[in-house]
Amino acid sequence: MNQDHVVLNRTNQKMPLIGYGCWKVDKDQCADTIYNAIKVGYRLIDSAAVYANEVEVGQGIERAIKEGIVKREDLFVVTKLWNTCHHKDNVRPALQKSLKDLNLSYIDLYLIHFPIPLAYADIQKHALDWFEPGTQNMKIERSPLQETWREMERAVDDKLVRNIGVSNCNVQTILDMLTYAKYKPATLQIEHHPYLQQNRLIKWVKSQGIHITAYSSFGPISYLEMSEQAKNTKPLLDHDVIKSIASKHGKTTGQVLLRWAVQRDVAVIPKSMNMDRMKSNLDVFSWSLDDDDLAKIADMDIGLRFNDTVAYGLPIPLFD
Ligand SMILES: NC(=O)c1ccc[n+]([C@@H]2O[C@H](COP(=O)([O-])OP(=O)(O)OC[C@H]3O[C@@H](n4cnc5c(N)ncnc54)[C@H](OP(=O)(O)O)[C@@H]3O)[C@@H](O)[C@H]2O)c1
């Protein structure tokens with residue numbers, strides 16, 4: 001698999017198989033980081049309203065366009081609808097805010113971030129307040145996903161977004177969506193790394209013409225401050241199997257983890273604040289893993305999820 005993009009259903013738009021992820025990119029360094037990411041070759045930018053840095057992501061994009069490094073149409077910009085904006089009346093204002101913050105006239109791919117409808121809250125102040133004040137009750141809102149999806153589709157019809165998709169959904173949710181969708185999801189974004197390979201989910205979702213994007217390709221590293229599980233798990237970037245494959249190919253462990261995903265036709269969106277790592281993460285198409293490497297990595301699957309609502313103390317086992 002040496003193609004550097006996949007073709008999305010309905011629009012036939014090409015989505016790069018590697019992009020730059022914006023979660024935890026500090027506001028004060030974000031504009032420069034995104035500008036640098038584009039300068040070194042990233043063409044897909046994976047943003048989200050809840051990352052609270054869309055303004056700065058937009059500034060980085062604007063500078064790259066102004067300097068002639070890329071045109072808008074060369075970029076594939078992804079952003080996501082947060083949980084507190086699922087209500088049919090809140091989808092359009094949330095999208096318009098993302099467009100304004102990113103300073104763009106359209107989004108290439110707009111995702112529903114989680115299939116969790118929470119009561120409306122101002123995303124700048126209360127996006128991560130999952131509970132009703134003073135209680136352990138989640139503020140679940142009676143917003144059926146079907147109504148949220150209709151609004152996503154309306155955004156396509158109004159040319160504000162080109163493709164729409166979902167994140168953190170399982171087979172049951174997508175199966176239901178396919179019964180009512182006018183436009184089926186273009187992609188599903190999921191946690192995916194050798195400890196959580198999700199082979200059955202991926203096989204079925206792809207069979208429906210829906211592409212997969214992996215997040216947290218390096219496994220526990222981005223969850224160290226949020227999860228005991230992550231702290232107690234052998235880092236993938238330092239795992240003996242990954243290290244031996246990396247040294248065999250003269251590559252870094254990061255490159256092996258990313259190559260493994262794209263070789264499965266799964267897009268990746270690594271985040272790095274370090275220019276050398278940012279550049280090296282792009283080198284996933286000039287070489288490949290062999291059958292022996294793939295078999296060794298296949299053996300590492302232990303179904304271990306780090307972005308787990310339960311591990312964060314939320315009373316909802318979303319992925320069960
Ligand atoms: N849909 C969702 O619910 C969801 C959830 C999580 C993430 N995401 C998306 O997925 C993106 C990526 O996932 P992630 O943020 O969890 O992180 P990730 O890309 O798996 O890992 C980022 C971490 O790895 C380090 N790193 C990056 N490249 C490296 C390399 N080659 N060697 C060693 N260390 C390296 C980074 O440190 P340095 O910065 O110091 O290099 C950072 O600590 C996010 O930014 C976001 O866009 C989506």
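Residues numbered from 1 in each chain as written. Predicted model: local features only at pLDDT ≥ 70, side-chain atom pairs only at ≥ 80, totals over all residues. Heavy atoms only, no water.

1. Quick word on the nonpolar core
- Ranked by internal contacts, the top residues of the largest apolar core, which has 101 residues, are Y20, I34, Y110, V161 and L188.
- Apart from residues lying up to four places away in sequence, I34 is in contact with Y20, C22, I45, V57, G60 and I61. (Core = buried A, V, L, I, M, F, W, Y, C linked by side-chain atoms within 4.5 Å. Buried < 20%, exposed > 50% of the residue type's maximum accessible area, 1.4 Å probe, protein only. Contact = heavy atoms within 4.5 Å.)

2. Quick word on the packing of aromatic side chains
- This model, assessed by the stated rule, comprises 4 aromatic pairs.
- Taking 5.5 Å as the distance between ring centres and 80° as the angle between the ring planes, the aromatic pair formed by Y20 and Y42 counts as edge-to-face. Residue Y20 is found in strand β3 (residues 20-21), and its partner Y42 is found in the loop between α1 (27-40) and β4 (44-46); the two are separated by 22 residues along the sequence. You'll find Y20 and Y42 in the same group, each marked buried.
- For the ring pair W82 and F114, a centre distance of 5.9 Å and an interplane angle of 85° mean the geometry is edge-to-face. You can see W82 sitting in the loop between β5 (76-81) and α3 (88-102) and its partner F114 sitting in the loop between β6 (107-112) and α4 (123-126), a full 32 residues away along the chain. Both residues of the pair, W82 and F114, belong to the buried class.
- One aromatic cluster is present, built from ring pairs that chain together W23, Y223 and F306.
- Lying across the ring of Y183, R10 places its NZ or CZ 4.5 Å from the centre.
- Across from the ring centre of F319, 3.7 Å away, lies the NZ or CZ of R305, which sits over that ring. (Phe/Tyr/Trp six-rings, centres within 6.5 Å; stacked < 30°, edge-to-face > 60°. Helix = DSSP H or I, 4+ residues; strand = E, 2+ residues; numbered from the N terminus. Lys NZ or Arg CZ within 6 Å of the ring centre and 35° of its normal.)

3. Looking at the packing of helix α6 (residues 171-180) against helix α7 (residues 199-207)
- Following both chains from N to C, one finds α6 and α7 inclined at 10°, their axes separated by 11 Å at the closest point. As far as their axial angle goes, α7 and α6 are roughly parallel. The segment α6 lies against α7, with V171, I174, L175 and L178 engaging L201, W204 and V205.
- Looking at side-chain class alone, the contact of α6 with α7 contains 7 nonpolar, no polar and no charged residues. (Axes fitted to C-alpha atoms, helices over the stretch in contact; angles between N-to-C directions. Parallel < 35°, antiparallel > 145°, perpendicular 65-115°, else oblique. Nonpolar A, V, L, I, M, F, W, Y, C, P; charged D, E, K, R; others polar.)

4. A closer look at the side chain of N83
- In this structure, N83 sits in the loop between β5 and α3.
- Once residues lying within four places of it in the same chain are set aside, the contact partners of N83 are F114, I116, P117, L118 and W130.

5. As for the sheet that holds β3
- Spatial ordering of the open sheet is given by β3-β4-β5-β6-β7-β8-β9-β10, a layout of 8 strands whose pairing is parallel. Edge positions in the sheet fall to β3 and β10 (267-268), since each of these pairs with one other strand and no more.
- Pairing of β5 with β6 involves 4 bridges; the strand directions are parallel. Across the sheet, the residue bridging to K80 is L111, located in β6. (Pairing = 2+ DSSP bridges.)

Keep in mind that these numbers describe shape and distance, not what the molecule does.
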